[in-house]
Amino acid sequence: MNDRARYRERREDKAFMAEARRRAAASYAEQQRPAREAKAEATRKWEAEAAANRPSLALLSREEAAEAALMRFFTGVPCANGHVSERMTSDGACIACKRARAGVWRGRHHDALKAYEKSRYARDPDSQREKSRKRHAERRDDPVYRAANSKRFLAWVKMNRSVHKAGLARRRARELAAGGGFTAADVQRIRAAQRDRCAYCRKTLRGGGELDHIRPLIPRKGG
C-alpha cells in the first residue's frame, strides 16, 4: 500500500469515527429528550401549584414600584398571553412570559448550557457547592417544592433507570470505601459484550440483573 492509499484510509477512518461520534451524541440527546420534557412539565406544574398556594399579591402600579425602588410590581391584569403574573418594573415585561421564553431557549441550547455549567463549576467548585447548599436549605422546608421535586425525580428515574442504578452503586461504594466505579455507559457496554446474559451462569437477564462489585457493597450478616 503506497502513501496515498494509506492517507486516504486514515482520512476515511477519521470521517467514520467523527460520524459515529455524531450519531452517538444525537442518539443520547434523543434518549434524554423524554426526561427533559418530563422535567419541564413537572416544573410547570410546580409553578402552577406554587402560584395557587402563594398569598395574594398587593396591587401596585409600575410608577409606585419605581418610586419605592422595587424590581417587580403586580396589577392583577392579564398580559397579552393571558398570564396573571408579576411584571418587571424596568420594562413592564410579564415574568411568566420571560420564564416561558427562557425555557424554550434553554431547550434549544441544552448541550451548550451544560458545557458552560461544567466549566463554571470547575473554575470555582467551593463557591458553587456553597450556593447549592444555600438553595437546598431555602427549598427544604417548602412543601410545594418538595412535592413537585419528588414527582420530577420519580419521572427522571423512570426514564433513566440504568443511570440511577449506577449512581446508587457508586454512592454505596463511597460509603463503604470500596473504591472503583462505573457509569451507565460502562454497564451498557458490558451488557452488550455479554449479550445480555449473566457472566457466571449465562442466564438471560432481559435488561435486568444486579450490578456486581469486586468488594461486596452489602455487608454479610454475622461479620
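Everything numeric here is computed off the predicted structure, so don't read it as measured data. (Residues numbered from 1 in each chain as written. Predicted model: local features only at pLDDT ≥ 70, side-chain atom pairs only at ≥ 80, totals over all residues. Heavy atoms only, no water.)

Draft legend 1. Summary view of a positive patch on the surface. Taken together, the side chains of K131, K134, R135 and R139 make up a positively charged region of the molecular surface. Note on placement: R135 falls in helix 5 (residues 125–140). (Patch = residues over 30% accessible without salt bridge, like charges linked within 9 Å, V, L, I, M, F, W, Y side chains within 5 Å. Areas by Shrake-Rupley, 256 points an atom, 1.4 Å probe, with all protein chains shown as cover. Salt bridge = Lys/Arg side-chain N within 4 Å of Asp/Glu carboxyl O. Lys, Arg positive; Asp, Glu negative; His and termini not counted. Charge placed at Lys NZ, Arg CZ, Asp CG, Glu CD. Helix = DSSP H or I, 4+ residues; strand = E, 2+ residues; numbered from the N terminus.)

Draft legend 2. Layout of the pattern of salt bridges. Enumeration over the complete set of coordinates arrives at 4 salt bridges. Measuring nitrogen to oxygen at the nearest pair gives 3.3 Å for the salt bridge that ties R72 to E86. Of the two residues, R72 sits in strand 1 (residues 72–73) while E86 sits in the loop between strand 1 and strand 2 (87–88), which places them 14 residues apart along the sequence. Since its relative accessible area comes to 25%, E86 is described here as partly exposed. In this structure, the salt-bridge partner of E117 is R120, at a minimum N-O distance of 2.8 Å. One end of the pair, E117, and the other, R120, are both in helix 4 (residues 110–123), 3 residues apart, so they sit about a helical turn from each other. Its relative accessible area of 38% is what places E117 among the partly exposed residues. By relative accessible area, which is 30% here, R120 ends up partly exposed. (Buried < 20%, exposed > 50% of the residue type's maximum accessible area, 1.4 Å probe, protein only.)

Draft legend 3. Summary view of unusual backbone geometry. Positive phi, close to 60°, is recorded for A69, a residue that is not glycine. Along the chain, A69 turns up in the loop between helix 2 (62–67) and strand 1.

Draft legend 4. Highlighting a nonpolar patch on the surface. Taken together, the side chains of F153, L154, W156 and V163 define a hydrophobic patch exposed on the protein surface, amounting to about 360 Å² of accessible area. Sort the elements by how many residues they give to the nonpolar patch and helix 6 (residues 143–159) lands first, with 3 residues. When you line up the elements, W156 lands in helix 6.

Draft legend 5. Layout of the packing of helix 6 against helix 7 (residues 161–175). One can describe the packing of helix 6 onto helix 7 by two numbers: an axis separation of 5 Å at closest approach and a directional angle of 105°. Considering the angle they form, helix 6 stands roughly perpendicular to helix 7. For the pair helix 6 and helix 7, contact is made by F153, W156, V157, K158 and M159 and by R161, V163 and H164, respectively. Of the residues that constitute the contact of helix 6 with helix 7, the class distribution is 5 nonpolar, 1 polar and 2 charged. (Axes fitted to C-alpha atoms, helices over the stretch in contact; angles between N-to-C directions. Parallel < 35°, antiparallel > 145°, perpendicular 65-115°, else oblique. Contact = heavy atoms within 4.5 Å. Nonpolar A, V, L, I, M, F, W, Y, C, P; charged D, E, K, R; others polar.)

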